[in-house]
Structures are given as structure tokens and as C-alpha cells.
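If you want the building blocks of each chain, they are given just below.
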Amino acid sequence: MDDSNIIMDILSKYLPILVALVGVFFTHKFTSRRDVINAQRALKIEALSLAYKALVRSGLEKDLISRDDKGNVTNKAIPVEDAIAIIHLHGSELQSRLASQYAVDFANNRGADCTELVNSIRNEIRASLGYEKLEALTYYLSVKPNEEKKKSSEKVEVLN
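Reference entry: report on the structure contained in this document. A quick note: this is a predicted structure, and the numbers were derived from the prediction, not measured.

1. Some remarks on the overall build of the protein chain
Right, on to step 1. A tally of regular secondary structure across the protein chain gives four helices and four strands.
Right, on to step 2. For the protein chain, the N- to C-terminal ordering of α and β elements is α-β-β-α-α-α-β-β.
Right, on to step 3. The C-alpha atoms of the protein chain give a radius of gyration of 28 Å, which is well past the 15 Å a tight globule of 160 residues would have.
Right, on to step 4. Its C-alpha atoms put the protein chain at 105 × 35 × 35 Å along the principal axes.

What follows is the structure, encoded as C-alpha cells:
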């Protein structure tokens, strides 16, 4: 057997194995990368959804810190504070700036409008899920006990 026949014999035996191993390597590499991207997307959607709900709730509640008749303090601001931190971690540059502006406005005025921030988060979550962007005004429902009547009646508001 001459050298060229030996080389051809080796190539015919081992080249398909080498090609298969390279294919398996690249398939694994791309699949792993896709899985990481999908996990990051899911984490971001979950975190921003939590922030979105906290900000919407803050708009419905109005008073984030209140006292009852006995002087006990109820602090509903913690989820909103957490939402701002979540937005700085997972949100876009625009959302981070809007969250900072909301925090500054809230600190200076004891309240602030977060509509633009909420809309930005909602649109990003919807885009990540492949949903269409909502252009219409959104309304939220708030059902609370009616303080004027001491019965078990409820006060219902629709807020946007």
C-alpha cells in the first residue's frame, strides 16, 4: 500500500466521525445559546411584569402609606420601591430614565405620574411575547369599600 492509499483509507474511516463531532459541537453551542437567550427573556418578562403590576396598583391605590383609626401604619410603597429597582436592572435605557424621573417626582411632590413608564413597560412585554402594541387608552378597575356607608357596599372606579 502506498502513502496515498493509506491517507485515503484513514480519511474514509475517520472524516465522517470528525464531521459528526463538529456538527454535534456547533449544534450544542447554538442550542445552549438559544436556551440562555430564552431564559433571559423569560426572566426579564417576569421581572418587568412584577414592576408593571406594582406601578399600576400604585396608581389605583393613591395612598401608598396610610394610617387606620388606631394609628397603625400600612405601607404599600415597598412594591413600588422594588419596581423602580427592578426597572433599573431589567428595563431599557428609556425605562430606567423614566423610573428615575418618577422616583424624583414622587420624592419632591409626594406623588407622581408613571403613565409613560407603565406604557413603555407594557409595550416591551407585549413585544417580547409577540403581541401587537396597544395604542388605545387603557382603563383599570379598582374596587374598594365605600367609606361613606358602613355597610358592606363597595365603591367601583374605572381609572386610566
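Continuing now.
2. Here we look at the nonpolar core
Right, on to step 1. Grouped together as the largest cluster of nonpolar side chains are 24 residues, with contacts concentrated most on Leu55, Ile87, Tyr102, Leu117, Val118 and Ile121.
Right, on to step 2. If one sorts the elements of this core by residue count, helix H1 (residues 3–61) sits on top with nine residues.
Right, on to step 3. Ile87 has contacts with Leu48, Ala51, Leu55, Gln95, Ser96, Ala99, Leu117 and Ile121, leaving out every residue within four places of it along the chain.

3. Examining the pattern of salt bridges
Right, on to step 1. By the definition in use, this model includes seven salt bridges.
Right, on to step 2. Here Glu93 ties to Arg97 by a salt bridge, and the two come within 3.7 Å at their closest N and O atoms. Taken together, the positions of Glu93 and Arg97, both in helix H3 (residues 93–109) and four residues apart, correspond to about one turn of that helix. Each member of the pair, Glu93 together with Arg97, is exposed.

4. Topic: the packing of H1 against helix H4 (residues 115–128)
Right, on to step 1. Where H1 contacts H4, the two axes come as close as 10 Å, and the packing angle between them is 150°. Taken together, the axes of H1 and H4 are roughly antiparallel relative to one another. The crossing of H1 and H4 is left-handed. Of the residues in H4, those in contact with Arg41, Lys44, Ile45, Leu48, Ser49, Tyr52, Leu55 and Val56 of H1 are Leu117, Val118, Ile121, Arg122, Glu124, Ile125 and Ser128.

5. Quick look at H4
Right, on to step 1. Across its 14 residues, H4 extends 20 Å between first and last C-alpha, which sits within 8% of the 20 Å expected from 1.5 Å per residue.
Right, on to step 2. Those residues of H4 not exposed but buried are Leu117, Val118, Ser120, Ile121, Arg122, Asn123, Glu124, Ile125 and Arg126.
Right, on to step 3. Packed against the buried residues of H4 are H1, helix H2 (78–90), H3 and strand S3 (140–145).
Right, on to step 4. Directly after H4, the chain includes Gly130, whose backbone phi takes a positive value near 85°.

6. Focus: the packing of aromatic side chains
Right, on to step 1. Inspection of the entire model under this criterion finds three aromatic pairs.
Right, on to step 2. Aromatic ring contacts, followed pair by pair, group Phe25, Phe26 and Phe30 into a single cluster.

7. Looking at a nonpolar patch on the surface
Right, on to step 1. Taken together, the side chains of Ile7, Met8, Leu11, Leu15, Leu18, Val19, Val22, Phe25, Phe26 and Phe30 define a hydrophobic patch exposed on the protein surface, amounting to about 990 Å² of accessible area.
Right, on to step 2. Mapping Leu11 onto the fold places it in helix H1.

8. Some details on H3
Right, on to step 1. The end-to-end C-alpha distance of H3 is 24 Å, a good match for the 24 Å that 17 residues give at a rise of 1.5 Å each.
Right, on to step 2. Buried residues belonging to H3 abut H1, H2 and H4.
Right, on to step 3. A positive backbone phi angle near 60° is found at Arg110, which sits one or two residues after H3.

9. Some details on the side chain of Arg122
Right, on to step 1. As for its position among the elements, Arg122 is in helix H4.
Right, on to step 2. At 7.6 Å, Glu135 is the nearest oppositely charged side chain to Arg122, a buried residue that forms no salt bridge.
Right, on to step 3. A distance of 3.4 Å separates polar atoms of two side chains, one belonging to Arg122 and the other to Thr138.
Right, on to step 4. Sequence-distant contacts of Arg122, defined by excluding residues within four places in its chain, comprise Tyr52, Leu134, Thr138 and Tyr140.

Basis of the calculations
- Throughout, a residue's number is its position along its own chain's written sequence, starting from 1.
- This being a predicted model, a pLDDT of at least 70 is required before a residue's local features are given, and a value of 80 or more before pairs of side-chain atoms are given or counted; all residues contribute to the totals for chains, interfaces and linings.
- Hydrogens and waters are ignored; side-chain quantities use all the structure's heavy atoms.
- Secondary structure elements are defined from DSSP: runs of H or I of at least 4 residues count as helices, runs of E of at least 2 residues count as strands, and each element is numbered from the N terminus.
- C-alpha atoms define the radius of gyration, and 2.2 Å times the number of residues to the power 0.38 defines the globule rule.
- By convention a nonpolar core is built from buried Ala, Val, Leu, Ile, Met, Phe, Trp, Tyr and Cys residues, the set being connected through side-chain atoms within 4.5 Å.
- Type-normalised accessible area, obtained with a 1.4 Å probe on protein chains alone, sets the label of each residue: buried when under 20%, exposed when over 50%, and partly exposed for intermediate values.
- Residue contacts follow a heavy-atom distance rule, with two residues in contact if any of their heavy atoms lie within 4.5 Å.
- A side-chain nitrogen of Lys or Arg and a carboxyl oxygen of Asp or Glu constitute a salt bridge if their distance falls within 4 Å.
- Only the stretch in contact is used when fitting a helix axis, every axis being a line fitted to C-alpha atoms; angles between N-to-C directions are given from 0 to 180 degrees.
- For this classification, under 35 degrees means roughly parallel, over 145 means roughly antiparallel, 65 to 115 means roughly perpendicular, and everything else is oblique.
- Working rule for handedness: look at the near helix, and if it is turned counterclockwise from the far one by less than a right angle, call the crossing left-handed; if clockwise, right-handed.
- What a helix should span is 1.5 Å times the count of its residues minus one.
- Think of it this way: a Phe, Tyr or Trp ring, Trp meaning its six-membered ring, pairs with another when their centres are within 6.5 Å, and the plane angle makes it stacked under 30 degrees, edge-to-face over 60, tilted otherwise.
- Surface patches are defined over residues having more than 30% relative accessible area and no salt bridge, joining like charges when they lie within 9 Å and nonpolar side chains (Val, Leu, Ile, Met, Phe, Trp, Tyr) when within 5 Å.
- Accessible surface is estimated by sampling points in the Shrake-Rupley manner with a 1.4 Å probe; for residues, cover comes only from the protein chains shown.
- When charges are counted, Lys and Arg are positive and Asp and Glu negative, with His and the chain ends excluded.
- Between N or O atoms, a polar contact is any pair within 3.5 Å; within protein, one atom must be a potential hydrogen donor and the other a potential acceptor, and residues adjacent in sequence are included only when both atoms are from side chains.

The values reported here are purely geometric and, on their own, carry no functional implication.
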